[in-house]
Amino acid sequence: MAERQTSTRADYREAFGAYLDGAQDSSRAAAQRLAHHALQAGGSLCEFVDELASAITDAVRSAEGPAQVEKALVASEPFVRDTISPYDAQWQAARDAKQGVRVQNDRMEERVRRIAHEIHDSSAQFIASVHTELHRAAEVALAEMAAPLQRIRTLLN
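Residues numbered from 1 in each chain as written. Predicted model: local features only at pLDDT ≥ 70, side-chain atom pairs only at ≥ 80, totals over all residues. Heavy atoms only, no water.

**Student:** Go over the overall build of the protein chain with me, naming the residues and quoting the values.
**Tutor:** The helix and strand tally for the protein chain stands at five helices and zero strands. Order of helices (α) and strands (β) in the protein chain, N terminus to C terminus: α-α-α-α-α. Against the 2.2 N^0.38 benchmark of 15 Å for 157 residues, the protein chain shows a C-alpha radius of gyration of 36 Å, more extended than a compact globule. Seen along its three principal axes, the alpha-carbon backbone of the protein chain occupies a region of about 115 × 35 × 25 Å. A buried classification covers 20% of the 157 residues belonging to the protein chain. Excluding contacts between residues fewer than 6 apart, the proportion of contacts in the protein chain whose partners are at least 24 apart in sequence is 69%. Counting every atom, the protein chain has about 11,300 Å² of accessible surface; 57% of that belongs to carbon and sulfur. When the 18 basic and 23 acidic side-chain charges of the protein chain are each reduced to a single mean position, those positions are 6 Å apart. (Helix = DSSP H or I, 4+ residues; strand = E, 2+ residues; numbered from the N terminus. Rg over C-alpha atoms; globule rule 2.2 N^0.38 Å. Buried < 20%, exposed > 50% of the residue type's maximum accessible area, 1.4 Å probe, protein only. Contact = heavy atoms within 4.5 Å. Areas by Shrake-Rupley, 256 points an atom, 1.4 Å probe, with all protein chains shown as cover. Lys, Arg positive; Asp, Glu negative; His and termini not counted. Charge placed at Lys NZ, Arg CZ, Asp CG, Glu CD.)

Given below as structure tokens:
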């Protein structure tokens with residue numbers, strides 16, 4: 001079985017560093033790889049966000065002057081958005097799948113109700129017909145048939 005690849009704190013810092021350098025396209029791919037690795041490893045969104053926040057915090061703390069702090073803060077928005085997007089996509093897919101299951105379940109429940117109603121109606125109609133025919137048979141039957149016909153009526157009731 002293949003080992004799942006996980007990202008280290010240094011990987012997060014490196015990915016955020018790419019955002020600070022302004023390499024948006026390559027840094028976006030690196031950021032999304034971080035998310036995919038975290039998803040494959042089964043990490044929670046909270047753990048993932050903690051790693052993102054640590055990378056941003058480290059960059060702000062190591063900044064040399066207000067201009068670098070501002071640059072780190074400006075870069076943090078697209079960095080967070082791009083790294084969280086795979087989590088969001090997975091959440092959307094799970095929500096859509098859950099909705100699909102709910103719709104399918106509602107359809108099945110409606111079908112079961114309809115079948116149960118049909119069975120009930122047809123059974124009730126059949127039993128009513130048997131009662132009618134039993135009543136007619138009792139009217140024309142010989143006296144020795146009265147007791148067995150009464151037992152049948154009792155069973156039907």
